[in-house]
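Next come the chains, spelled out residue by residue.
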Amino acid sequence: MNPTGELEALLGLFPDGEPLVNHAAHVPAGGLPPAYKMLLAHDQHMTVTMEAFHGSPVTVDVEAEKYDDAGRYCRRITLACEQTARVVQFGVVRFDFSYVTDAVREEIVGGRTPLGRVLIRHNVLRHIDLGAILSIECGPGLASRFGCNVGTGTHGRLATIFCDGKPAVDLLEIAAPVPTNA
């Protein structure tokens, strides 16, 4: 995987009026600050990880969705803490539904439940392959979602979810900036 190319491809699925990312670079997971290492350098669902880290269930907001030329379902989302409504993650998902049941597809397209929770609830045999960790400088689009200044640093990851051994989901997941003392 070329991390820069994959980042551009996923962000390019939903062109935004304002740049989401000013700058991004591939970085080794071992060099991450501890909070970001906990949030990103693992093979678990981000839904579960974000809930544990923030001590709150998360809700999903589907900002945009479409099917691409290959028939894959794509969506741009944010996850927010249920208790505070603070956005804790931005993401882009590209999902090949041919590897899941109609019930899973319908619940995902319904847009009311975070992807990880849907896959867990339906007991979809899954494996998450961490592709790359990214150091990210927030552009105006991310800064407005996260409530931070343009240029604020954060981290994200590119990953693939394998459902029943097949590469079904490509993910871009960017954590909201975390205070350095977290």
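About the criteria used
- Residues numbered from 1 in each chain as written.
- Predicted model: local features only at pLDDT ≥ 70, side-chain atom pairs only at ≥ 80, totals over all residues.
- Heavy atoms only, no water.
- Core = buried A, V, L, I, M, F, W, Y, C linked by side-chain atoms within 4.5 Å.
- Buried < 20%, exposed > 50% of the residue type's maximum accessible area, 1.4 Å probe, protein only.
- Helix = DSSP H or I, 4+ residues; strand = E, 2+ residues; numbered from the N terminus.
- Contact = heavy atoms within 4.5 Å.
- Pairing = 2+ DSSP bridges.
- Polar contact = N/O pair within 3.5 Å; in protein donor to acceptor, adjacent residues only side chain to side chain.

Enquirer: Before we move on, can you summarise the nonpolar core with the specific residues and values?
Expert: Formed by 23 residues in total, the largest nonpolar core has its most connected members in Phe90, Leu142, Phe146, Leu172 and Ile174. Elements with a contribution of two residues or more to this core: helix 1 (3-12), strand 3 (73-81), strand 4 (87-95), strand 5 (126-138), helix 6 (140-146) and strand 7 (166-175). Of all the elements, strand 5 adds the most residues to this core, at four residues. When near neighbours in sequence (up to four residues on either side) are disregarded, leucine 142 contacts Pro19, Leu20, Val21, Phe90, Ile136 and Ile174. Membership of the second largest hydrophobic core comes to 18 residues, among which are Val104, Ile161, Ala168 and Val169.

Enquirer: Can you explain the pairing of strand 2 (residues 58-67)? Please cite residues and give values.
Expert: Bridge count between strand 2 and strand 3: nine bridges; the pairing is antiparallel. Counterpart to valine 60 in the pairing with strand 3 is leucine 79. The hairpin formed by strand 2 and strand 3 contains five residues between the paired strands, and glycine 71 there has a positive phi angle of roughly 85°.

Enquirer: Quick one: what's the story with the side chain of aspartate 170, residue by residue and with numbers?
Expert: Relative to the helices and strands, aspartate 170 is located in strand 7. For aspartate 170, the side chain forms a polar contact with the side chain of threonine 160, separated by 3.5 Å.

Enquirer: Describe in detail the environment of arginine 76, supporting the description with residues and values.
Expert: Summarising the element assignment, arginine 76 is placed in strand 3. The spatial distance from the C-alpha of arginine 76 to the C-alpha of aspartate 61 is 8.6 Å, given a sequence separation of 15 residues. Apart from residues no more than four positions distant in its own chain, arginine 76 is found in contact with Phe14, Pro15, Asp16, Asp61, Val62, Glu63, Ala64, Phe90, Gly91, Val92 and Arg145. From its side chain, arginine 76 meets the backbone oxygen of phenylalanine 14 in a polar contact 3.4 Å long.

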